[in-house]
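The residues making up each chain are set out below.
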Amino acid sequence: MTSRRVVVVGAGMVGLSCAWSLQDYGVEVEVLDRGRVGRGASWGNAGYVAPSLTVPLPEPSMLRYGLRAVLDPASPVRLPVRADIELVRFLVRLVRHCTGRRWSRAMDGYRMLNAQIFDAFDAQRRAGVDAPVHEAAVLAAFTEAGQATGLLHELEGVASAGQQVEVGLLTGAQARAAEPNLSREIALAVRIDGQRYLDPGAYTAALAAQVRARNGKITEHATVTGVDRHAGRVRIRCADGHRDADAVVLASGAWLPELAGDHGVRVPQYGGRGYSFTVPLRRPLQGPLYFPAARAALAPRGASAARVTSIMEFQRPDAPPDRRALVATLRAVRPLLEGAEWRSVTDPWVGARPLTADGIPLVGPSATEGVYIAGGHGMWGVTLGPLTGRLLAEHIATGATPAPLAWLDPLRSGH
């Protein structure tokens with residue numbers, strides 16, 4: 001093992017999991033984050049740990065739904081008024097991957113990962129990461145039966161790839177019996193069994209506490225401006241100076257392109273910004289609740305509130321929040337829930353989820369010796385972070401290349 005000291009850039013689920021796994025091999029780690037621990041895309045995530053829903057983003061129905069959605073000002077999918085050339089290139093590549101053949105090929109890779117998701121979380125918790133992970137079905141609810149066609153087709157594709165999927169269909173009355181917070185607008189629900197959920201803020205805080213307890217260092221508000229080779233080691237340049245290390249892991253989420261482009265990563269990436277907030281409920285939410293037509297995912301937060309996440313806004317990660325996006329989410333979700341205290345919404349958040357044009361994460365060595373990539377997880381950073389962090393740590397510490405890493409190669413063309 002040549003990497004005795006590794007700096008990880010990014011303190012979300014992916015970066016912290018990589019640091020934690022490196023410590024299993026006796027590696028000294030320091031984690032740097034431009035903000036606070038777990039307050040980026042991980043914090044805004046609904047917290048689903050749902051292998052049945054962890055699939056490639058680009059797929060054929062996106063083309064049919066996408067154009068109609070973008071033209072609707074009330075839609076949960078939004079483009080900026082003026083698209084920059086970077087976004088145009090990204091969307092062109094994204095469209096190229098919206099074919100059944102490419103989706104199925106990518107799903108074969110996701111199947112390899114999805115089979116190991118729960119084991120990766122269980123390993124962290126057995127070793128002392130003190131945060132709950134709840135077992136529950138995901139309930140996907142619809143106001144019209146026809147709206148469920150897309151989700152059912154997607155789940156059929158997941159099953160066709162060889163992954164186990166347990167699904168049940170519920171009438172509106174059965175759905176309301178299972179989840180009393182649903183309104184009478186709901187006509188049908190799809191119950192996806194055998195999934196889990198967690199509170200991402202609490203989980204990343206517990207993971208960070210374990211990294212520190214195992215003698216790791218975490219530095220917040222440290223913006224990394226560049227990474228290069230210097231005197232046989234890797235130099236990480238920050239606004240306040242620099243660090244030298246044997247290796248660096250770039251796990252900086254939507255800001256990854258700013259650092260990874262100098263190290264041979266050419267797969268187009270862009271930030272898919274999401275908005276989220278917490279709303280109090282009169283009755284506890286029974287488990288994860290998904291409204292596919294509204295592109296909204298809900299999960300319990302404590303005994304009497306739900307975290308609502310929605311919107312896919314193609315926008316630069318540092319652009320100011322668009323209040324219209326939050327209004328669109330409220331308008332879409334309000335008729336679907338009963339007993340929500342809409343005047344008491346708290347903790348509004350906006351953040352960018354790091355998307356790749358081919359819908360496949362970027363995990364593995366870059367073209368520069370000692371520089372590794374861990375990003376592009378899209379909406380699945382919380383779900384996949386413990387696993388991809390473990391796979392990359394194994395490669396860095398031992399030189400072994402677990403099978404999924406070849407598929408996640410950051411140096412692939414992305415065409």
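Above this text you will find the structure in question.
Everything in this summary refers to the structure shown in the same document. Sequence order sets the numbering: in each chain, residues are counted from 1 along the sequence as written. Two thresholds apply to this predicted model, a pLDDT of at least 70 for residue-level local features and 80 or more for giving and counting side-chain atom pairs, whereas whole-chain, interface and lining totals are computed over all residues. Only heavy atoms go into the side-chain values, all of them from the structure, while hydrogens and water stay out.

Things to note about the overall build of the protein
Tallying secondary structure elements over the protein gives 13 helices and 19 strands in all. Throughout, the radius of gyration refers to the C-alpha atoms, and the reference size of a globule is 2.2 Å times the residue count to the power 0.38. In terms of overall size, the protein behaves like a compact globule, its C-alpha atoms giving a radius of gyration of 21 Å where 415 residues would be expected to give roughly 22 Å. Think of it in three bands: residues with accessible area under 20% of the maximum for their type are buried, residues over 50% are exposed, and the middle band is partly exposed, with areas taken using a 1.4 Å probe on protein chains only. Looking at the protein as a whole, 58% of its 415 residues are labelled buried. Taking all contacts inside the protein whose residues are at least 6 apart in sequence as the whole, residues at least 24 apart take part in 77%. Using a 1.4 Å probe, the Shrake-Rupley method yields the accessible areas, and only the shown protein chains count as cover for residues. Of the roughly 17,100 Å² that the protein leaves accessible, carbon and sulfur atoms contribute 51%. Positive and negative charge centroids in the protein, built from 46 and 38 side chains respectively, lie 4 Å apart. Only DSSP runs of H or I with at least four residues qualify as helices, and only runs of E with at least two residues qualify as strands; both kinds are numbered from the N terminus onward. The contact definition used throughout considers only heavy atoms, calling two residues in contact when any of these lie within 4.5 Å. Counted charges follow a simple rule, with Lys and Arg positive, Asp and Glu negative, and His plus the chain ends left uncounted. Lys charges are placed at NZ, Arg charges at CZ, Asp charges at CG and Glu charges at CD.

Some points on the sheet that holds strand 11 (residues 241–245)
Pairing within the open sheet is antiparallel, and its three strands lie in the order 9-10-11. The sheet is open, and its two borders are formed by strand 9 (224–230) and strand 11, each paired with just one other strand. Going from strand to strand, the sheet's axes swing by 20° on average, the running direction of each strand aside. Note on pairing: two strands pair once DSSP finds at least 2 bridges between them. Where strand 10 (residues 233–238) lies against strand 11, five bridges are found, and the strand directions are antiparallel. If you follow I236 over to strand 11, its bridge partner there is R243. Axis angles are defined between N-to-C directions and span 0 to 180 degrees, where every axis is a line fitted to C-alpha atoms and, for a helix, only to the segment in contact.

Things to note about the environment of D122
With respect to the helices and strands, D122 occurs in helix 6 (residues 117–126). It is 9.6 Å that separates the C-alpha atoms of D122 and P386, two residues lying 264 residues apart in sequence. At a separation of 3.0 Å, a polar atom in the side chain of D122 contacts the side chain of R196. We define a polar contact as two N or O atoms separated by no more than 3.5 Å, with the added condition that, inside protein, one atom must be a possible hydrogen donor and the other a possible acceptor, whereas residues neighbouring each other in sequence contribute only through side-chain atom pairs.

Points about the pattern of salt bridges
Only one rule defines a salt bridge in this text: a Lys or Arg side-chain nitrogen within 4 Å of an Asp or Glu carboxyl oxygen. Applying the stated criterion across every chain yields a total of 15 salt bridges. Between D24 and R214 there is a salt bridge whose closest N-O contact spans 3.0 Å. Here R214 lies in the loop between helix 9 (200–213) and strand 8 (217–219) and D24 lies in the loop between helix 1 (13–23) and strand 2 (28–32), a separation of 190 residues in the sequence. Given a relative accessible area of 47%, D24 falls into the partly exposed group. When its relative accessible area of 26% is taken as the criterion, R214 is described as partly exposed. Here D119 makes a salt bridge to R390, at a shortest N to O gap of 3.1 Å. Of this pair, D119 sits in helix 6 while R390 is found in helix 12 (residues 381–398), placing the two residues 271 residues apart along the sequence. Judged by its relative accessible area of 25%, R390 falls in the partly exposed class. Through salt bridges that share partners, R5, E28, E30, D240 and R243 make up one connected network.

Re the environment of Y48
Summarising the element assignment, Y48 is placed in strand 3 (residues 48–49). Its relative accessible area of 10% is what places Y48 among the buried residues. Residues Y48 and G194 lie 146 residues apart in sequence; the distance between their C-alpha atoms is 12 Å. Apart from the residues within four sequence positions on either side, Y48 is in contact with L53, V138, R196, Y197, P288, L289, Y290, A297, L298, A299 and T383. At 2.9 Å, the side chain of Y48 forms a polar contact with the backbone oxygen of L289.

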